[in-house]
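# Summary of structural features
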Amino acid sequence: HHWRGRAASLASHELKGHVLDVASGTGDLAIELVRKSPNVRVVALDLTPKMLRLAFDKTVHKGLSNKIQQTVGDALHLPFADNLFSSVTIGFGIRNIPDVTKAIREMTRVIIPGGKIVILEIVQSRGILSPATNFYFNTIIPLLGKIIAKDSEAYNYLRDSVEFFPTADGLTHLMEETGLANITCQTFGLGTVAIHVGTKHKA
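The notes below deal with the structure included here. (Residues numbered from 1 in each chain as written. Predicted model: local features only at pLDDT ≥ 70, side-chain atom pairs only at ≥ 80, totals over all residues. Heavy atoms only, no water.)

## Examining the pattern of salt bridges
On inspection of all chains with the given rule, the structure shows five salt bridges. Asp-28 is paired through a salt bridge with Lys-58; the nearest N and O atoms lie 2.8 Å apart. Of this pair, Asp-28 sits in helix H2 (residues 28-36) while Lys-58 sits in helix H3 (residues 49-61), and the two are 30 residues apart along the sequence. A residue is classified by how much of its surface remains accessible, and Lys-58, at 23% relative accessible area, is partly exposed. Of the charged contacts, one joins Glu-106 and Arg-109 as a salt bridge, the two residues approaching to 2.9 Å between their closest N and O atoms. In this pair, Glu-106 and Arg-109 are both assigned in helix H4 (residues 100-110), three residues apart and thus about one turn of the helix distant. When salt bridges that share partners are traced, they join Asp-82, Glu-106 and Arg-109 into one network. (Salt bridge = Lys/Arg side-chain N within 4 Å of Asp/Glu carboxyl O. Helix = DSSP H or I, 4+ residues; strand = E, 2+ residues; numbered from the N terminus. Buried < 20%, exposed > 50% of the residue type's maximum accessible area, 1.4 Å probe, protein only.)

Pasting the structure below:
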């Protein structure tokens, strides 16, 4: 929740108009965006209708259904016109998309010039503590998932999906290659979580 709040804060700086939250799932990041910027309207897009139904129930419960609109859609083929949103966010979803580069290009297409893309994601740890953090992430977390959540398959998928996802530096380079500018990266959790922010070039 802290990391989502931080990502929402980075997205909401001088935010106005409409924001798109891609791979929104059950809507936690979309809700944080509205909390940080009460005047915005958020379009929460996800490929799975069941997730969006849960998200809708959550927004109704919190009294935010007039500020958040759930929409079924594919991150690789966003059903929106060019230059429409002031910002696009995606939280813990981009590593599940088969073509990360294409997804970022689509997100860039639909934001206005000068708009931001904010990506919150789990990444491979690098640095002096990486052996310890990687052991914890690759071994301990799946074990805890099996014991506590009774769902070892999901936590094994989490481990495997991170293994094949770019590092924080790799994602920065990928964003640069798609044409985004002024890219920043903040890492948390001993380097296992990163928030990247990129800006679309102004015309």
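## Examining the sheet that holds strand S1 (residues 18-22)
Judged by pairing direction, the sheet is mixed, and its seven strands sit side by side in the order S3-S2-S1-S4-S5-S7-S6 without closing on themselves. If you trace the sheet from one side to the other, it starts and ends with strand S3 (68-72) and strand S6 (181-188), each paired once. Shown here is a sheet whose adjacent strand axes are inclined to one another by a mean of 15°, direction ignored. Here S1 runs beside strand S2 (residues 41-46); their pairing, made up of five bridges, is parallel. (Pairing = 2+ DSSP bridges. Axes fitted to C-alpha atoms, helices over the stretch in contact; angles between N-to-C directions.)

## A closer look at the nonpolar core
Ranked by internal contacts, the top residues of the largest apolar core, which has 29 residues, are Leu-20, Val-22, Val-88, Ile-94, Ile-104 and Met-107. When contributions to this core are tallied by element, the ones reaching two or more residues are S1, S2, strand S4 (85-91), H4, strand S5 (111-122) and helix H7 (168-177). In terms of residue count, the dominant contributor to this core is H4 (five residues). Apart from residues no more than four positions distant in its own chain, Ile-104 is found in contact with Ile-94, Ile-117, Ile-119, Leu-171, Leu-174, Met-175, Thr-178 and Leu-180. One finds Val-19, Leu-120, Phe-188 and Ile-195 within the second-largest nonpolar core, a separate group that totals 22 residues. (Core = buried A, V, L, I, M, F, W, Y, C linked by side-chain atoms within 4.5 Å. Contact = heavy atoms within 4.5 Å.)

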